[in-house]
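Take a look at the letters that make up each chain.
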Amino acid sequence: HGFMEGEAHFFFPANLMADNQVLRTDTFPPGYYATDDWTDTGIRYVEDLRASSPDKPFFLYIANNAPHAPLQAKPADLAKYRGRYDAGWSVLRVARHRRQIEMGLIPPDTILPPSDPRAPRWEDTDPADREMLARHMECYAAMIDCIDQNVGKLTAFLERIGELDNTIILLTSDNGGTDAGGPAGMFNNNRRYMGLAPPPKEVERATAHDLGSPRSASLYPTGWGEVSNTPFPSFKTYTGAGGRRVACVVSWPARIRDAGAVRRQFVHVTDVMPTLLDLAG
C-alpha cells in the first residue's frame, strides 16, 4: 500500500497502489495525510493477521516518505515549531553538535567540520529572507514530529494486543539530509524536474506563509540539510558521511535490557534482514 513515485503529495498523493493494483482514488477524506495512512494501514494488516492466525510471526515494513520532499505538514504540527528555528542554521548546527556530545551520542572529542561553502552563513543571508528560510525547517521538523506520533500509535497498538514486549522494532533512514534545495530552498521543488529557473526571491517571499501547506511542494535550503547531518560533512547522493550515516534505533523489550544505551558498533543496512531472520528462528 503506497506509491511508486520518487516523490508524492502528502495530502493528495497520485496513483496510490495496493499490492500491484493502482487504487481508483479520486478524492481523499478531510484531514488525510500519507504518514498517518501508512501507519493505520500497517496496523490493519496486523489486525487482519491476528484475526486468522493468533500466533503467526509477522514482518511489517512501514516505509515513510516523510521527511522527503515535498515538505508538507499538518497545520497542528506546523504550529508547534513556529519560531523554533529563527536563530538560523549556523547557530543551531553548533548547538546540535554540543547536545549530541552531552547526550553521549558522539564521542566528546568529535570535531564539527567546517560548513560547506554552498551553505551561506546565516548572518550573510538577507534579513528579509530569514522568516522564509526558517519556515522551511519548521515544516521539516513538523513532518518528523508526525512520524514520532505514528510510532507512538503503533507501539500503543502492539501493547494493547499484548505483543509489544516480543516485537523487534527498528527505526532508521535511507540517507542523510540533502543539498538539493540550494542556498534559499524552493517553494516548488518540482520546478527542477521541469527545467525551470528558480522564481524571483520576491515571489518566494510572498508565498512563504504557505510553505508546508498542500499548496506548496517545498524543499529546505542547503544550510538546514547540513544541520540535519550534524556532526558529519556532505549530503545525500555524495559518499561523505553526512549522506550515508544515519540514526538507527532498535527496541525489543523482552530481550534488550539496557534500554536507551548507545551502541558503537558499525552496522550496515545489509545486516538487517539476516539478523531479523536469525532472531525469528
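Residues numbered from 1 in each chain as written. Predicted model: local features only at pLDDT ≥ 70, side-chain atom pairs only at ≥ 80, totals over all residues. Heavy atoms only, no water.

Some points on the packing of helix H1 (residues 34-52) against helix H4 (residues 130-160)
Packed helices, taken two at a time, are described by their axes: the angle between them and the distance between them.
No. 1: Their axes nearest at 9 Å, the elements H1 and H4 cross at an angle of 15 degrees. When the interaxial angle is binned, H1 and H4 end up roughly parallel. Both H1 and H4 take part in a crossing whose hand is right-handed. Across from Thr 35, Asp 36, Thr 39, Asp 40, Ile 43, Val 46 and Glu 47 in H1, the residues of H4 making contact are Cys 146, Ile 147, Asn 150, Lys 153, Leu 154 and Phe 157.
No. 2: Class assignment for the residues of the contact of H1 with H4 results in six nonpolar, three polar and four charged. (Axes fitted to C-alpha atoms, helices over the stretch in contact; angles between N-to-C directions. Helix = DSSP H or I, 4+ residues; strand = E, 2+ residues; numbered from the N terminus. Parallel < 35°, antiparallel > 145°, perpendicular 65-115°, else oblique. Left-handed = near helix turned anticlockwise from the far one by under 90°. Contact = heavy atoms within 4.5 Å. Nonpolar A, V, L, I, M, F, W, Y, C, P; charged D, E, K, R; others polar.)

Notes on the packing of aromatic side chains
No. 1: A full pass over the atoms with the stated rule returns ten aromatic pairs.
No. 2: An angle of 40 degrees between the planes, with centres 4.6 Å apart, marks the rings of Phe 28 and Tyr 32 as tilted.
No. 3: A centroid spacing of 5.6 Å and a plane angle of 80 degrees characterise the contact between Tyr 85 and Trp 224, whose relative ring orientation is edge-to-face. One end of the pair, Tyr 85, is in the loop between helix H2 (75-80) and helix H3 (89-102); the other, Trp 224, is in helix H7 (residues 222-228), and 139 residues separate them in sequence.
No. 4: Look at Trp 224 and you get buried, because its relative accessible area is 0%. (Phe/Tyr/Trp six-rings, centres within 6.5 Å; stacked < 30°, edge-to-face > 60°. Buried < 20%, exposed > 50% of the residue type's maximum accessible area, 1.4 Å probe, protein only.)

Let's talk about the nonpolar core
No. 1: Grouped together as the largest cluster of nonpolar side chains are 36 residues, with contacts concentrated most on Phe 10, Tyr 33, Ala 73, Tyr 85, Met 143 and Trp 224.
No. 2: Those elements that place two or more of their residues in this core are H1, H4 and H7.
No. 3: A per-element tally of this core places H4 first, with eleven residues.
No. 4: Dropping the residues within four chain positions of it, Tyr 33 is found in contact with Phe 10, Phe 11, Gln 72, Ala 73, Lys 74, Met 143 and Cys 146.
No. 5: The next biggest cluster of nonpolar side chains, apart from the first, holds seven residues, and it includes Leu 154, Phe 157, Leu 158 and Leu 164. (Core = buried A, V, L, I, M, F, W, Y, C linked by side-chain atoms within 4.5 Å.)

So, the environment of Gly 212
No. 1: Counting through the fold element by element, Gly 212 comes out in the loop between helix H6 (201-206) and H7.
No. 2: Spatially, the C-alpha atom of Gly 212 lies 5.7 Å from that of Leu 71, the residues being 141 residues apart in sequence.
No. 3: When neighbours within four sequence positions are excluded, Gly 212 is seen to be in contact with Phe 11, Leu 71, Gln 72, Ala 73, Leu 78, Cys 139 and Ser 218.

Focus on H3
No. 1: Here H3 contains 14 residues, and its C-alpha end-to-end distance of 20 Å stays within 8% of the 20 Å for a straight helix at 1.5 Å per residue.
No. 2: When H3 is considered as a whole, its buried residues turn out to be Trp 89, Arg 93, His 97 and Gln 100. Down the axis of H3, the buried set is contained in an arc of 80 degrees. They therefore lie on one face. Exposed residues on H3 whose side chains face more than 90 degrees from its buried face are Val 91, Arg 99 and Glu 102.
No. 3: In this fold, the buried residues of H3 make contact with H4 and H7.
No. 4: One or two positions beyond H3, positive phi appears at Gly 104, with a value near 80 degrees. (Expected span 1.5 Å × (residues − 1). Arc of directions from axis to C-beta.)

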